[in-house]
Amino acid sequence: MTEPERDPHCLFCRIIAGELPALKILETASAIAIADINPQAPTHVLVIPRRHISGIAVVTPEDAATLAGIFDLANQVASARGLDQSGYRLVINQGPDAGQSVPHLHIHVLGGRPLQWPPG
Ligand code: 5GP
Ligand code: ZN
């Protein structure tokens, strides 16, 4: 937990603070779920911890509760969208080769159509 709780220059921190708009799907005390602005599937929701963490690569065992919180909220989103039977994919991109474009940890919840494997 070496990073600040909030980075004033971070896009997702600013959305969480209400400084920038987003379509909120669900929220908990520790995380929010918003619609992705550029959806890649009928359901494409981003689940974001309220605390600023720059990516999955920097998490430590101290972040266990935060990680449990975002996976729980991701499953809540999938259930709310009726995806629990049809299936869905949770994606975390880390670094340039994975195409991470926002350096604040987030899970992509993708579903509502058959998803190809392997991913691109
Ligand atoms: P990454 O590429 O870091 O894994 O995922 C970042 C995601 O954030 C992308 O899917 C992108 O479409 C989404 N995104 C970028 N800017 C915004 C924004 O201002 N609002 C919302 N709701 N999503 C955004
Ligand atoms: Zn942030």
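## Observations regarding the coordination of the zinc ion (ligand 2)
Of the protein atoms, only Cys10 (SG), Cys13 (SG), His52 (ND1) and His104 (ND1) coordinate the zinc ion (ligand 2), at distances of 2.1 to 2.3 Å. Taken together, the 4 donor atoms surrounding the zinc ion (ligand 2) define angles of 105 to 117° at the centre, an arrangement classified as tetrahedral. For the zinc ion (ligand 2), all donor residues lie on one chain, and their spacing in sequence is C-x2-C-x38-H-x51-H. Residues Cys10 and Cys13 agree in their burial class; the two are buried.

## Observations concerning the pairing of strand β3 (residues 43-49)
For β3, a buried count of 7 out of 7 residues is recorded, marking the element as mostly surrounded by other parts of the structure. By the alternation rule, side chains of β3 split into Thr43, Val45, Val47 and Pro49 and His44, Leu46 and Ile48, which are all buried. In terms of strand pairing, strand β2 (residues 31-35) meets β3 through 5 bridges, oriented antiparallel. Bridge pairing in β3 places Ile32 opposite Ile48. By the bridge criterion, 5 bridges tie β3 to strand β5 (residues 107-111) in an arrangement that is antiparallel. For Leu46, the partnering residue across the bridge sits in β5 and is His108.

## Description of the pattern of salt bridges
Should their charged atoms come close, side chains of opposite charge can pair. Summed over the entire model, instances satisfying the criterion amount to 5 salt bridges. We note a salt bridge from Glu19 to Arg6, for which the minimum N-O separation is 2.7 Å. Pair noted here: Glu19 is in the loop between α1 (11-16) and β1 (24-27) and Arg6 is in the segment before α1, with a separation of 13 residues, a long-range link. Since its relative accessible area comes to 42%, Glu19 is described here as partly exposed. Taking relative accessible area as the criterion, Arg6 reaches 34% and is therefore assigned partly exposed. In this structure, Glu27 engages Lys24 in a salt bridge whose closest nitrogen and oxygen atoms are separated by 3.6 Å. Of the residues examined, Lys24 reaches a relative accessible area of 45% and is grouped as partly exposed.

## Observations regarding the site of ligand 1
In the vicinity of ligand 1, 15 residues are found, and the nearest of them are Ala35, Asp36, Asn93, Ser101 and His108. Between an oxygen atom of ligand 1 and a main-chain N or O atom of Ser101, the distance comes to 2.7 Å. One of the side-chain N or O atoms of His106 is found 2.9 Å from an oxygen atom in ligand 1. Computed on the free molecule, ligand 1 has an accessible area of 520 Å², of which 82% lies beneath the protein chains in the complex. Here ligand 1 occupies the second largest pocket. If you list the elements that add at least two residues to the shell around ligand 1, you get α1 and β2. Partitioning the shell around ligand 1 into residue classes produces 7 nonpolar, 7 polar and 1 charged.

What counts, and where the lines are drawn
- Residues numbered from 1 in each chain as written.
- Chains lettered and ligands numbered in written order.
- Predicted model: local features only at pLDDT ≥ 70, side-chain atom pairs only at ≥ 80, totals over all residues.
- Heavy atoms only, no water.
- Donors = N, O, S within 2.8 Å, 3.2 Å for Na, K, Ca; no water.
- Tetrahedral: all angles 85-135°; square planar, octahedral: opposite > 155°, others 65-115°.
- Buried < 20%, exposed > 50% of the residue type's maximum accessible area, 1.4 Å probe, protein only.
- Helix = DSSP H or I, 4+ residues; strand = E, 2+ residues; numbered from the N terminus.
- Pairing = 2+ DSSP bridges.
- Salt bridge = Lys/Arg side-chain N within 4 Å of Asp/Glu carboxyl O.
- Near = heavy atom within 4 Å.
- Polar contact = N/O pair within 3.5 Å; in protein donor to acceptor, adjacent residues only side chain to side chain.
- Areas by Shrake-Rupley, 256 points an atom, 1.4 Å probe, with all protein chains shown as cover.
- 1 Å grid on protein atoms, 1.4 Å probe; cavity = no way out; pocket = protein on both sides within 12 Å on 5 of 7 lines; lining within 4 Å.
- Sits in = over half its atoms within 2 Å of the grid points.
- Nonpolar A, V, L, I, M, F, W, Y, C, P; charged D, E, K, R; others polar.

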